[in-house]
Amino acid sequence: AYGDNVDKMSQKIGISAEAYQKWDYVMQRAGTSVDNLKMGMKTLSAQAEKNSDAFQKLGISQEEVKNSSQEELFQKTIEGLAGMEAGTERTTLATELLGRAGADLGPLLNEGTEAIQEQLEMAEAYGMIMSEKTVKASADFEDSLTTLNGTFTGLKNRMMGEFLPSMTTVMDGLALVIVGKTDEGTAKIEEGVEKFISNLGNTVPKVMEVGGQIAITLLNALLDSIPKLLTAGIDMIVKVCL
């Protein structure tokens, strides 16, 4: 779930999965979240498109703005802002380039350029960063899990759909009994129960068949994998012992 969130949010913000995780760590330390940058990145992109003078005030040339990716431009912008003294000018530039998100970055910018860079490097050095490949694998797994859950939900809904008419007949019968039409209501209830039992007899074998197929498939896969598991286990023991 974490990897899937990183994958989706990094795409929404417009930076790589690894950069997203690094900035998330840095911003959490400053009391904010990288997720707040979604709108800020749109503002930054718009300002870059019109080549705002605010970039030049941070020491970022027109050539750098033109040739930098959004991820690179964001880092240069943060470094430029962090290199300024806290005050009205910095707040104005941060808001102009990053929108409302820029106004929330005060605690982060107060740490200074060097401290921010150290934290970015620390996130990677301490093993906090999932690789792009691992993030993609996590997202694929989450998508597969969603598909599987949807398949089971569809099966459940189809099964319930078969039982609903008989259950409706039973409830109609109960309503007739309540209003005093006992004979007519009892007949309805009996009719509904008979339908329910008939549906149950048709549905249970189908469920057992599906369950059996799943169990057999998993068992065959496990049996096929045992030699590989044994080989891997032996290799691991040899490596540890040596």
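Up top is the structure.
Criteria and thresholds
- Residues numbered from 1 in each chain as written.
- Predicted model: local features only at pLDDT ≥ 70, side-chain atom pairs only at ≥ 80, totals over all residues.
- Heavy atoms only, no water.
- Helix = DSSP H or I, 4+ residues; strand = E, 2+ residues; numbered from the N terminus.
- Buried < 20%, exposed > 50% of the residue type's maximum accessible area, 1.4 Å probe, protein only.
- Contact = heavy atoms within 4.5 Å.
- Areas by Shrake-Rupley, 256 points an atom, 1.4 Å probe, with all protein chains shown as cover.
- Core = buried A, V, L, I, M, F, W, Y, C linked by side-chain atoms within 4.5 Å.
- Salt bridge = Lys/Arg side-chain N within 4 Å of Asp/Glu carboxyl O.
- Arc of directions from axis to C-beta.
- Patch = residues over 30% accessible without salt bridge, like charges linked within 9 Å, V, L, I, M, F, W, Y side chains within 5 Å.
- Expected span 1.5 Å × (residues − 1).
- Phe/Tyr/Trp six-rings, centres within 6.5 Å; stacked < 30°, edge-to-face > 60°.
- Axes fitted to C-alpha atoms, helices over the stretch in contact; angles between N-to-C directions.
- Parallel < 35°, antiparallel > 145°, perpendicular 65-115°, else oblique.
- Nonpolar A, V, L, I, M, F, W, Y, C, P; charged D, E, K, R; others polar.

Q: Before we go on, may I ask you to explain the overall build of the protein chain in this structure?
A: Per the secondary structure count, the protein chain includes twelve helices and zero strands. Written out in order from the N terminus, the α and β elements of the protein chain read α-α-α-α-α-α-α-α-α-α-α-α. Along the longest, intermediate and shortest principal axes, the C-alpha atoms of the protein chain span 90 × 65 × 30 Å. Residue burial in the protein chain is summarised as follows: out of 242 residues, 30% are buried. Restricting to contacts in the protein chain with at least 6 residues of sequence separation, those with at least 24 account for 62%. Taken as a whole, the protein chain presents about 15300 Å² of accessible surface, with 59% of it coming from carbon and sulfur.

Q: Honestly, the nonpolar core in this entry has me stumped. Any pointers?
A: Nonpolar side chains in soluble globular proteins tend to be buried together. Formed by 41 residues in total, the largest nonpolar core has its most connected members in Trp23 and Phe74. At the level of elements, α1 (2-13), α2 (17-29), α3 (37-49), α4 (53-57), α6 (70-82), α7 (88-98), α9 (106-109) and α10 (113-125) are the ones that each hand at least two residues to this core. Here this core gets seven residues from one element, more than from any other, and that element is α2. Each residue touching Phe74, except ones within four places of it in the same chain, is listed here: Trp23, Met27, Leu37, Met41, Leu44 and Leu98.

Q: Explanation requested: the pattern of salt bridges in the structure shown.
A: Pairing between side chains of opposite charge can happen when their charged atoms approach one another. Going through the model one piece at a time under the given rule, you end up with seven salt bridges. A salt bridge links Lys8 to Asp143, with the shortest nitrogen-to-oxygen separation between them at 4.0 Å. Within this pair, whereas Lys8 is found in helix α1, its partner Asp143 is found in helix α11 (residues 132-178), the two being separated by 135 residues in sequence. Here Lys8 falls in the partly exposed class, since its relative accessible area comes to 32%. Judged by relative accessible area, Asp143 falls into the partly exposed class, the value being 40%.

Q: Explanation requested: α7 in the structure shown.
A: It helps to recall that an α-helix has 3.6 residues per turn; residues three or four apart then point in one direction. All of the buried residues in α7 are Arg90, Leu93, Ala94, Leu97 and Leu98. The buried residues of α7 all sit within an arc of 100 degrees when viewed along its axis, so they share a single face. On its buried face, α7 is in contact with α3, α4, α6, α8 (100-103) and α9.

Q: In this structure, what is going on with a nonpolar patch on the surface? I would like to understand it.
A: Together, Met160, Leu164, Met167, Val193, Phe196, Ile197, Leu200, Val204 and Met208 give the surface a local cluster of nonpolar side chains, amounting to about 780 Å² of exposed area. Contributing elements (two or more residues each) for the nonpolar patch: α11 and α12 (182-241). Counting residues per element, the nonpolar patch draws most heavily on α12, at six residues. With respect to the helices, strands and loops of the structure, Met208 is situated in helix α12. Met208 gets classed as exposed once you look at its relative accessible area, which sits at 59%.

Q: Is there a simple way to think about α3 in this case?
A: End to end, α3 covers 18 Å across 13 residues, agreeing with the expected 18 Å (1.5 Å per residue, within 8%). Taken together, the buried positions of α3 are occupied by Leu37, Gly40, Met41, Leu44 and Gln47. Mapping the buried residues of α3 onto a view down its axis gives an arc of 125 degrees, with all of them on the same face. Turned more than 90 degrees from where α3 packs its buried face, Met39, Lys42 and Glu49 sit exposed. Summarising the contacts, the buried residues of α3 are in contact with α1, α2, α4, α6, α7 and α8. Asn51 sits one or two positions beyond α3 and adopts a positive phi of about 55 degrees.

Q: Honestly, the packing of aromatic side chains in this entry has me stumped. Any pointers?
A: Two descriptors summarise a pair of aromatic rings, namely the distance from one centre to the other and the angle between the planes of the rings. Scanning the entire structure with this criterion turns up two aromatic pairs. Their ring planes at 75 degrees and their centres at 5.0 Å tell us that Trp23 and Phe74 sit as a pair that is edge-to-face. Taken as a pair, Trp23 in helix α2 and Phe74 in helix α6 lie far apart in primary sequence, 51 residues in all. For the pair Trp23 and Phe74, one class covers both residues: buried.

Q: Honestly, the packing of α6 against α10 in this entry has me stumped. Any pointers?
A: The axes of two packed helices give the description: the angle between them and the distance between them. Between α6 and α10, the shortest axis-to-axis distance is 8 Å and the interhelical angle comes to 140 degrees. The pairing of α6 with α10 is recorded here as oblique in orientation. In contact with Gln75, Ile78, Glu79 and Ala82 of α6, α10 contributes Thr113, Ile116, Gln117 and Leu120. Looking at the contact of α6 with α10, its residues break down into four nonpolar, three polar and one charged.

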